[in-house]
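# Residue-level structural notes
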Amino acid sequence: MTNSNPLEHPLFKIISEASQELHQPSYVIGGYVRDFFLNRDFKKDIDIVTVGSGIELAKTVSSILPEKPKVQIFKTFGTAMLRAYDIELEFVGARKESYSRESRNPQVTPGTLQDDLERRDFTVNALAFSLNMEDYGTLIDPFNGIQDLNDSILRTPLDPDATFSDDPLRMLRAIRFSCQLNFEIDQASLASIKKNNDRIKIITKERIVDELHKIMLCPTPSIGFLLLEKTGLLPHILPELTALKGIEEQEGQRHKDNFYHTLEVVDNISQHTEDLWLRWAALLHDIGKAPTKRFSKKVGWSFHGHEFEGSKMVYRLFKRLKMPLNDKMKFVQKMVMMSSRPIALTDDHVTDSAVRRLVFDAGDNVEDLMTLCEADITTKNPKRFKKYHKNFELVRRKIVEVEERDHLRNFQPPIDGEEIMTTFNIRPSKEIGIIKEYIKEAILEGVIPNEYEAAYNLMIQKGKKLGLTPASNSTDKN
Ligand code: CTP
């Protein structure tokens, strides 16, 4: 636990002054207090509860501050926000809340600090420091939140059924905090989440995705996904992942459990990248395996075309969860689509042309793709593990070599259609496409380098074969 003063910042004195002026007791509450005791980095947002009007308190605080920051008012929620010293302050009046069963919109009535604290999600978030003259800095901890912080336990202040029913998003928050802080969810709360998991359906997709992103960005995201699975929340949110669960056996042949494999891949990649979308790609890289799974005596288990199917599923999944259908989605699709490509190169003999094609297709994402594929190695056979990694190292080296020679990422053909038309004095026609493709293939196969002169000569050669005659001023560049 930290020894520094949690109320050191001059803002707290100003809030204290404002609450005295309004005769409204005020408290700093929630994540700020929790994170102070956990010695976590201060996230630059602070929640203030006041017994009275949060909006009035915000206005008074603003009037005391020299720069008089703008107060943003959210009338429906009775809250107000302002920015000062690069900190976001949120003000709310202490309340008794009750939520209707069908929506998240609370019916709010004013309440005491105790009412307010008991309506919060977890005991570790129901902690407050007084900002009042008579007991400035005193910790208020009516539900033994400090004890739970010390024991690394997430527990609801009230009966968990009531807390989760008030706001079902809290079921996801429990899992997210557990993953972020490495805390256990207490048994009663866990049982309540299992019982109430279908209530998550009243929560907006945006808020769900926000929590999913936070789980994804944890050092070990599998902690969160295993809890989502254990509590039965996963099928409501990401049924594509639930569908990967299980091992089937036919004719003595088994396939691996692709759900647990996926979680391993996500944990692996999280050691190498903080990129949220690359982590999403890892989570979704095998989702096409459920619908494409087949068994035949001849080949055993197969998942033919799962990358293509998976990349189509990425679109549907993003759309359903109201995630952005932009370049981030396209990136995830591309990673899923190409996720087996480098593995095909891990045979003992990696040809330059195969590497060239990989760089050509992956473009600027080739390093990300390699990171994904390395994370995909989850074999428990140490010999194979070493071999695959060594092969990928070789592929990475070849990528560098090929790049140095041919600069294939963001490939621009050295000869364009315009030049083909002038060289042979022809109008737009299918021959142009044929010549262009021929040159591209020759470069990818390594027949010629990705350079103008070589491509020019090849164009002349191919054009002649197609019955075209170079205009008189077009000469061989040799
Ligand atoms: N809170 C709650 N139920 C919710 C959301 C929030 O009871 N569904 C309460 C908790 O007391 C929480 C506080 O509101 O501490 C502030 O919420 P928020 O800023 O979302 O969370 P933090 O706890 O600050 O943590 P983080 O910023 O990591 O989300």
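Residues numbered from 1 in each chain as written. Predicted model: local features only at pLDDT ≥ 70, side-chain atom pairs only at ≥ 80, totals over all residues. Heavy atoms only, no water.

### Some remarks on the site of the ligand
- In the vicinity of the ligand there are 14 residues, among which R34, D121, D167, R170 and R176 approach most closely.
- Here R34 contributes a side-chain N or O atom positioned 2.8 Å from an oxygen atom of the ligand.
- Within the backbone of N125, a nitrogen or oxygen atom sits 3.2 Å from an oxygen atom of the ligand.
- Listing elements by their share of the shell around the ligand, those giving two or more residues are α2 (31-37) and α7 (169-181).
- Counting residues per element, the shell around the ligand draws most heavily on α7, at 4 residues.
- Among the residues forming the shell around the ligand, the class breakdown is 1 nonpolar, 3 polar and 10 charged.
- Both domains that meet at the shell around the ligand, namely domain 1 (10-146) and domain 2 (152-237), each give it at least three residues. (Near = heavy atom within 4 Å. Polar contact = N/O pair within 3.5 Å; in protein donor to acceptor, adjacent residues only side chain to side chain. Helix = DSSP H or I, 4+ residues; strand = E, 2+ residues; numbered from the N terminus. Nonpolar A, V, L, I, M, F, W, Y, C, P; charged D, E, K, R; others polar. Domains from an automatic or database assignment.)

### Side note on the domain arrangement of the protein chain
- Structurally, the protein chain comprises domain 1 (10-146), domain 2 (152-237) and domain 3 (417-465).
- Placing the centre of domain 1 and that of domain 3 at their C-alpha centroids yields a distance of 69 Å.

### Focus on the nonpolar core
- By size, the foremost hydrophobic cluster in this structure holds 126 residues, and its most contacted members are F225, L238 and W280.
- Not counting residues within four places of it along the chain, the set of residues in contact with L238 comprises L212, F225, W280, L283, L317, R320 and L321.
- One finds Y27, I29, V92 and L113 within the second-largest nonpolar core, a separate group that totals 10 residues. (Core = buried A, V, L, I, M, F, W, Y, C linked by side-chain atoms within 4.5 Å. Buried < 20%, exposed > 50% of the residue type's maximum accessible area, 1.4 Å probe, protein only. Contact = heavy atoms within 4.5 Å.)

### Thoughts on the packing of helix α14 (residues 276-284) against helix α16 (residues 306-320)
- It is at 11 Å that the axes of α14 and α16 come closest, and there the two elements cross at 115°. In the crossing of α14 with α16, the sense of the turn from one axis to the other is right-handed. Contacts between α14 and α16 involve W277, W280 and L284 from the first element and V314, L317 and F318 from the second.
- Partitioned by chemical class, the residues of the contact of α14 with α16 number 6 nonpolar, no polar and no charged. (Axes fitted to C-alpha atoms, helices over the stretch in contact; angles between N-to-C directions. Left-handed = near helix turned anticlockwise from the far one by under 90°.)

### Some words on the packing of aromatic side chains
- Taken as a whole, this structure holds 12 aromatic pairs when the rule is applied.
- The interplanar angle of 65° and the centroid separation of 6.3 Å between the aromatic rings of W280 and F318 together place this pair among those described as edge-to-face. Note that W280 is positioned in helix α14 and F318 in helix α16, a separation of 38 residues in sequence. The pair formed by W280 and F318 is uniform in burial state, with each residue classed as buried.
- Here Y452 and Y456 contribute two aromatic rings whose centre-to-centre distance is 5.9 Å and whose plane-to-plane angle is 40°, an arrangement assigned as tilted. A residue pair is termed a helical-turn pair when its members lie 3 or 4 positions apart in one helix, as Y452 and Y456 do in helix α24 (residues 452-465) at 4 residues.
- Here Y452 falls in the partly exposed class, since its relative accessible area comes to 35%. (Phe/Tyr/Trp six-rings, centres within 6.5 Å; stacked < 30°, edge-to-face > 60°.)

### Details of the pattern of salt bridges
- In the structure shown here, the tally under the stated rule is 34 salt bridges.
- Residues E88 and R83 are paired through a salt bridge, measuring 3.1 Å at the closest nitrogen-oxygen approach.
- Residue E88 is classed as partly exposed on the basis of its relative accessible area of 28%.
- The class of R83 is partly exposed, set by a relative accessible area of 45%.
- The residue R405 makes a salt bridge to D406 at a minimum N-O spacing of 3.2 Å.
- Overall, the relative accessible area of 40% leaves R405 in the partly exposed class.
- Within the structure, one salt-bridge network assembled from shared partners comprises D364, E367, E403 and R409. (Salt bridge = Lys/Arg side-chain N within 4 Å of Asp/Glu carboxyl O.)

### Thoughts on the state of the cysteines
- Tallied over the entire structure, the rule returns 0 disulfides.
- C179 takes part in no disulfide bond, and the closest cysteine sulfur to it belongs to C218, at a distance of 3.4 Å.
- Here C179 falls in the buried class, since its relative accessible area comes to 4%.
- By relative accessible area, which is 2% here, C218 ends up buried. (Disulfide = S-S within 2.5 Å.)

### Considerations on the environment of P10
- Tracing the backbone shows P10 in helix α1 (residues 10-22).
- The class of P10 is partly exposed, set by a relative accessible area of 42%.
- As for P10 and Y136, which are separated by 126 residues in sequence, their C-alpha atoms are 13 Å apart.

### A few points about helix α21 (residues 382-406)
- Taking 1.5 Å of rise per residue, 25 residues should cover 36 Å, and α21 covers 36 Å from first to last C-alpha, within 8% of that figure.
- For α21, the full list of buried residues reads N391, F392, V395, K398, I399, V402, E403 and D406.
- Looking at the buried side of α21, the elements it contacts are α18 (341-344), α19 (352-362), α20 (366-375) and α23 (430-445).
- At the N-terminal end of α21, a side-chain oxygen is found 2.9 Å from the backbone nitrogen of K383, two or three residues along, and the residue is N381. (Expected span 1.5 Å × (residues − 1).)

### Quick look at unusual backbone geometry
- With a phi close to 55°, H23 is a non-glycine residue in the positive phi region.
- Considering the arrangement of structural elements, one finds H23 in the loop between α1 and β1 (26-29).
- Positive phi outside glycine occurs at S152, with the angle close to 55°.
- As for its position among the elements, S152 is in the loop between α5 (145-151) and β10 (153-154).

### A look at the sheet that holds strand β3 (residues 72-74)
- With respect to topology, 7 strands assemble into an open sheet ordered β3-β4-β5-β2-β1-β8-β9, the strand pairing being mixed. Because the sheet does not close on itself, it has two edges, and the strands there are β3 and β9 (139-140).
- Direction of pairing for β1 relative to strand β2 (residues 45-50): antiparallel, over a ladder of 4 bridges. Bridging across to β2, S26 finds its partner in T50.
- Sheet strands in contact with helix α3 (residues 54-64) are β1, β2, β3, β4 (79-84) and β5 (87-93), and its direction is about 20° off that of β4. (Pairing = 2+ DSSP bridges.)

### Description of α3
- Among all positions in α3, only G54, I55, L57, A58, T60, V61 and S62 are buried.
- On its buried face, α3 sits against α1, β1, β2, β3, β4 and β5.
- Where α3 starts, the residue carrying a side-chain oxygen 3.3 Å from the main-chain nitrogen of I55 turns out to be S53.

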